[in-house]
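Spelled out, the chains give:
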Amino acid sequence: MPRDPHKDQPILQGGAPLGEATGALILLHGRGGSAQEMLTLARDLTPWPPLPSGEGEPKARPLAWFVPEAAGRQWYPFSLLEKVEKNQGALNSALGLVKRIMEKAAEANVPPERIALLGFSQGATVALEYAARNARRYGAVIALSGALLGPEGTPRDYEGSLAGTPAFLGSGDRDPNIPKRRVDETATVFERLGATVTKQIYEGLAHAMNQEEIGKARALLAAIDA
């Protein structure tokens, strides 16, 4: 694998134009997934133009969408449970791509506290690793079927504070790739970093998203401060 495989990967954009957006949503696909699939999810989570809110529903925010595509449709080559060093090169490249998106949003006067990181599977892991390694207040961190990289016992010596960032970790009890104990550990690490963590393990769910997770993500995105 090249040293920086994701350096020149395309970043799709959608949603509200940056000049009109009150915030931004960065979506990261899973292994074998695509940016186009995540664009479809973005339309479900934060329709643009916004749909009228029903009674009792949170008001939709006009969010800009940033959806990068991983080289070879994978963010890192080995299992999440392998030693971090085996995936470190590709992970660094993925984190660099997320950083460039954050910088692009900042240039449009969209600060991190109005940016949500959302990922599925490998994308969830990249979102979690970015937030943990660059701890500060974000609009939200939403990790679906993912966890921090590395086997049990991996040092988790992250610096800084997530300062109350809402974080949702959703996973299934039948997920063959993400053991529940790894989701539990990730939740503990994020709580220690100062995030406001909601963790949900769904009975009977394998490595997939469900509608309840989509609803929770939609509510978190609607709550991002303008």
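The text that follows walks through the structure, step by step, so that each part is easy to find. Since this is a predicted model, take the numbers as computed values, not measurements.

So, the pairing of strand S3 (residues 63–68)
Side-chain positions along a regular strand alternate between the two faces of the sheet.
Link 1 in the chain: Taken across its 6 residues, S3 has 6 buried, putting it largely inside the fold.
Link 2 in the chain: Burial along S3 is two-sided: Leu63, Trp65 and Val67 and Ala64, Phe66 and Pro68, pointing in opposite directions, are all buried.
Link 3 in the chain: Two elements, strand S1 (residues 11–15) and S3, share 5 bridges in a ladder whose sense is antiparallel. Directly across from Ile11, in S3, lies its bridge partner Pro68.
Link 4 in the chain: Sheet topology note: the strand S2 (residues 23–28)/S3 ladder contains 4 bridges and is parallel. Bridged to Leu25 within S3 is Trp65.

So, the pairing of strand S6 (residues 166–172)
Link 1 in the chain: Of all the 7 residues making up S6, 6 are buried; the element is thus mostly covered by neighbouring parts of the structure.
Link 2 in the chain: The pairing of strand S5 (residues 140–144) with S6 spans 4 bridges and is classified as parallel. Residue pairing across strands places Val141 opposite Ala167, the latter belonging to S6.
Link 3 in the chain: For S6 and strand S7 (residues 196–202), the ladder comprises 7 bridges, and the chain directions are parallel.

A few points about the sheet that holds S7
Link 1 in the chain: Across the sheet, 7 strands lie side by side as S1-S3-S2-S4-S5-S6-S7; this open sheet has mixed pairing. Both outer strands of the open sheet, S1 and S7, are each paired with one neighbouring strand and no more. Strand-to-strand twist in this sheet, taken as the mean axis angle between neighbours without regard to direction, amounts to 15 degrees.

Structural notes on the environment of Glu37
Link 1 in the chain: Assignment of secondary structure puts Glu37 in helix H1 (residues 35–45).
Link 2 in the chain: In this structure Glu37 comes out as partly exposed when scored by relative accessible area, which is 47%.
Link 3 in the chain: Residues Glu37 and Pro111, spaced 74 residues apart in sequence, show a C-alpha to C-alpha distance of 26 Å.

Criteria and cut-off values
- Every chain's residues receive numbers from 1 upward, in the order its sequence appears when written.
- The predicted nature of this model means local features are confined to residues of pLDDT at least 70 and side-chain atom pairs, given and counted, to a pLDDT of 80 or more, with totals for whole chains, interfaces and linings taken over all residues.
- To get the side-chain values, take all heavy atoms of the structure and skip hydrogens and water.
- Relative accessibility under 20% of the residue-type maximum defines a buried residue, over 50% an exposed one, and the middle range a partly exposed one, all with a 1.4 Å probe and only protein chains included.
- Think of it this way: any DSSP run of H or I at least four residues long counts as a helix, any run of E at least two long counts as a strand, and we number them from the N terminus.
- Two strands qualify as a pair provided that DSSP identifies no fewer than 2 bridges between them.
- Fitting a line to C-alpha atoms yields each axis, with helices limited to the stretch in contact; the angle taken between N-to-C directions then spans 0 to 180 degrees.

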